[in-house]
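Fold and contact review
Here is what each chain is made of, one letter per residue.
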Amino acid sequence: MPDVPRNSGFPCDSSVTIMSFIAISQRFGTVLPTMTLLSQEGNMTLRTKLAFIAAIAIAGFLSVFLVNEYGSRLKDHAFRLSADNAEVEISMLEARRSEKDFLARKELKYIDMTLEAVAKAQEHLLSLQRSDEIADRAKQIHGLMDRYAQAFLAVAENVKAQGLTEKEGFTGDLRQSVHAVEEFLGTQDDDTLLARMLMLRRREKDFMLRGDSKYLEAFNKDMQTMLDGIEASDE
């Protein structure tokens with residue numbers, strides 16, 4: 001059996017394996033200064049070379065693991081941002097729905113529901129503020145939500161003052177006054193005053209239904225005409 005020269009090094013396949021591990025190590029930034037020793041095959045035993053190869057392989061696998069772990073954390077972070085953003089949008093839609101329900105039905109429970117939805121949205125906005133990428137934007141939206149809640153409460157107070165039912169607030173006072181005037185006119189034999197009173201009621205209802213100030217101006221004008229007629233009749 002022919003003698004194998006001591007300094008002949010690894011066979012061709014071993015050399016390819018070494019170069020492959022060097023390439024992997026370079027890709028992940030784990031090149032060891034001692035890799036130059038692998039080129040000096042004659043000065044190293046087989047066990048030493050295998051140990052270096054194993055070390056390079058471990059470093060490569062560790063680099064892959066760290067890259068995957070970092071990528072996984074980025075993905076989880078992006079998922080949390082997306083979830084919080086979706087919750088903010090949903091909570092805001094719920095707040096607007098409760099707001100409209102309150103204005104349409106004038107039930108106090110919708111005030112609490114609106115404020116709860118706003119608080120929920122702000123909770124998720126605080127979570128978004130922990131992310132440097134969108135912290136400023138989330139803080140700005142949080143402030144806008146505060147302004148929205150304050151404006152809604154002001155509107156709610158005005159609605160309650162106006163009257164949640166036709167017998168409450170300013171609406172109740174208006175109805176009582178109108179009924180008193182109508183009862184008085186019913187005892188009077190004056191069709192002109194009665195007609196003017198009916199016109200005033202018409203202006204009143206048009207203003208409440210449409211909210212156009214022109215009906216308020218028309219109401220005030222007709223009211224003055226009616227008062228002038230009453231004064232003339234007294235004379």
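So, on to a nonpolar patch on the surface. Residues Leu-174, Phe-207, Met-208 and Leu-216 make up a contiguous nonpolar surface patch of about 320 Å² in total accessible area. Within the secondary structure, Leu-174 sits in helix 5 (residues 169-186).

Quick look at the nonpolar core now. Burial of nonpolar side chains together is a common tendency in soluble globular proteins. Counting residues in each nonpolar core, the largest one holds 11 residues, listed as Val-88, Ala-95, Ala-117, Val-118, Ala-121, Leu-125, Leu-128, Ala-138, Met-145, Tyr-148 and Ala-149. Those elements that provide at least two residues to this core are helix 2 (46-105), helix 3 (109-128) and helix 4 (135-162). Here this core gets five residues from one element, more than from any other, and that element is helix 3. By size, the runner-up hydrophobic cluster in this structure holds seven residues, among which are Tyr-110, Ile-111, Phe-152 and Ala-156.

Our next topic: the pattern of salt bridges. What the rule picks out here adds up to nine salt bridges. Across the pair Glu-204 and Arg-201 runs a salt bridge, and its minimum N-O distance is 2.8 Å. Separated by three residues within a single helix, Glu-204 and Arg-201 lie in helix 6 (residues 191-210), roughly one turn from each other. The burial state of Glu-204 is the same as that of Arg-201; both residues are buried. Between Arg-203 and Asp-222 there is a salt bridge, with its nearest N and O atoms 2.8 Å apart. In this pair, Arg-203 sits in helix 6 while Asp-222 sits in helix 7 (residues 213-234), placing the two residues 19 residues apart along the sequence. Relative accessible area serves as the criterion here: at 21%, Arg-203 is assigned to the partly exposed category. Put simply, Glu-182, Arg-201 and Glu-204 are held in one network by salt bridges that share partners.

Topologically, Ser-91 is positioned in helix 2. Residue class for Ser-91 comes out buried when judged on its relative accessible area of 0%. Residue contacts for Ser-91: discarding those within four places in its chain leaves Ala-117, Lys-120 and Ala-121.

Another aspect to go through is the packing of helix 5 against helix 6. Two numbers describe how helix 5 lies on helix 6: the axes approach to 10 Å, and their chain directions differ by 160°. Classified by the interaxial angle, the pair formed by helix 5 and helix 6 is roughly antiparallel. Crossing angle aside, the handedness with which helix 5 passes helix 6 is left-handed. Seen from helix 5, the contacting residues are Leu-174, Val-178, Val-181, Glu-182 and Leu-185; seen from helix 6, they are Leu-193, Leu-194, Met-197, Arg-201, Glu-204 and Met-208. Per-class residue counts for the contact of helix 5 with helix 6 are eight nonpolar, no polar and three charged.

Moving on, we come to the confidence of the model for the protein. When pLDDT drops low, the exact placement of atoms in the prediction is not to be read closely. Averaged over every residue, the pLDDT of the protein is 78; residues scoring 70 or more account for 77%. Across residues 1-22 the pLDDT falls below 50, and counting only partners more than four positions away or on other chains, this stretch makes 15 contacts in the model. Throughout residues 37-42 the model reports pLDDT below 50, and contacts reaching past four residues in sequence, or to other chains, amount to 12 contacts.

Turning our eyes to something else, we now look at the side chain of Thr-171. One can find Thr-171 in helix 5. Setting aside residues up to four positions removed in sequence, Thr-171 forms contacts with Gln-162, Thr-165 and Glu-166.

You can see Asp-212 is positioned in the loop between helix 6 and helix 7. At 3.1 Å, the side chain of Asp-212 forms a polar contact with the backbone nitrogen of Lys-214.

Definitions and cut-offs
Residue numbers run consecutively from 1 along every chain, following the written order of its sequence. In view of the model being predicted, local features appear only for residues whose pLDDT reaches at least 70, and side-chain atom pairs are presented and counted only at 80 or more, with totals across whole chains, interfaces and linings using the full set of residues. No hydrogens and no water enter the side-chain calculation; it runs on all heavy atoms of the structure. Exposure above 30% relative accessible area and no salt bridge define the residues that can form patches, which grow by joining like charges within 9 Å and nonpolar side chains of Val, Leu, Ile, Met, Phe, Trp and Tyr within 5 Å. Per-residue and other accessible areas follow the Shrake-Rupley method at a 1.4 Å probe size, with only the shown protein chains counted as cover for residues. Criterion for a salt bridge: a side-chain nitrogen of Lys or Arg within 4 Å of a carboxyl oxygen of Asp or Glu. Helical segments are the DSSP runs of H or I of at least four residues, strand segments are the runs of E of at least two, and each set is numbered from the N terminus. We call a set of buried residues a nonpolar core when its members are Ala, Val, Leu, Ile, Met, Phe, Trp, Tyr or Cys and they connect through side-chain atoms within 4.5 Å of each other. Relative accessibility thresholds used throughout: buried, under 20% of the residue-type maximum; exposed, over 50%; partly exposed, between the two (1.4 Å probe, protein chains only). Two residues form a contact once any of their heavy atoms are found within 4.5 Å. Only the stretch in contact is used when fitting a helix axis, every axis being a line fitted to C-alpha atoms; angles between N-to-C directions are given from 0 to 180 degrees. What sets the label is the angle itself: under 35 degrees gives roughly parallel, over 145 gives roughly antiparallel, 65 to 115 gives roughly perpendicular, and the rest give oblique. Crossing handedness is defined as follows: a turn of the near helix away from the far one that is anticlockwise and smaller than a right angle gives a left-handed crossing, while the clockwise case is right-handed. Note that Gly is not counted as nonpolar here; it falls among the polar residues with everything else outside the nonpolar set of Ala, Val, Leu, Ile, Met, Phe, Trp, Tyr, Cys and Pro and the charged set of Asp, Glu, Lys and Arg. A residue's pLDDT is the confidence the predictor assigns to it, expressed on a 0 to 100 scale. Distance and chemistry together define a polar contact, namely a pair of N or O atoms within 3.5 Å, with one atom able to donate a hydrogen and the other to accept it when in protein, and with adjacent residues in sequence counting only for side-chain atoms on both sides.

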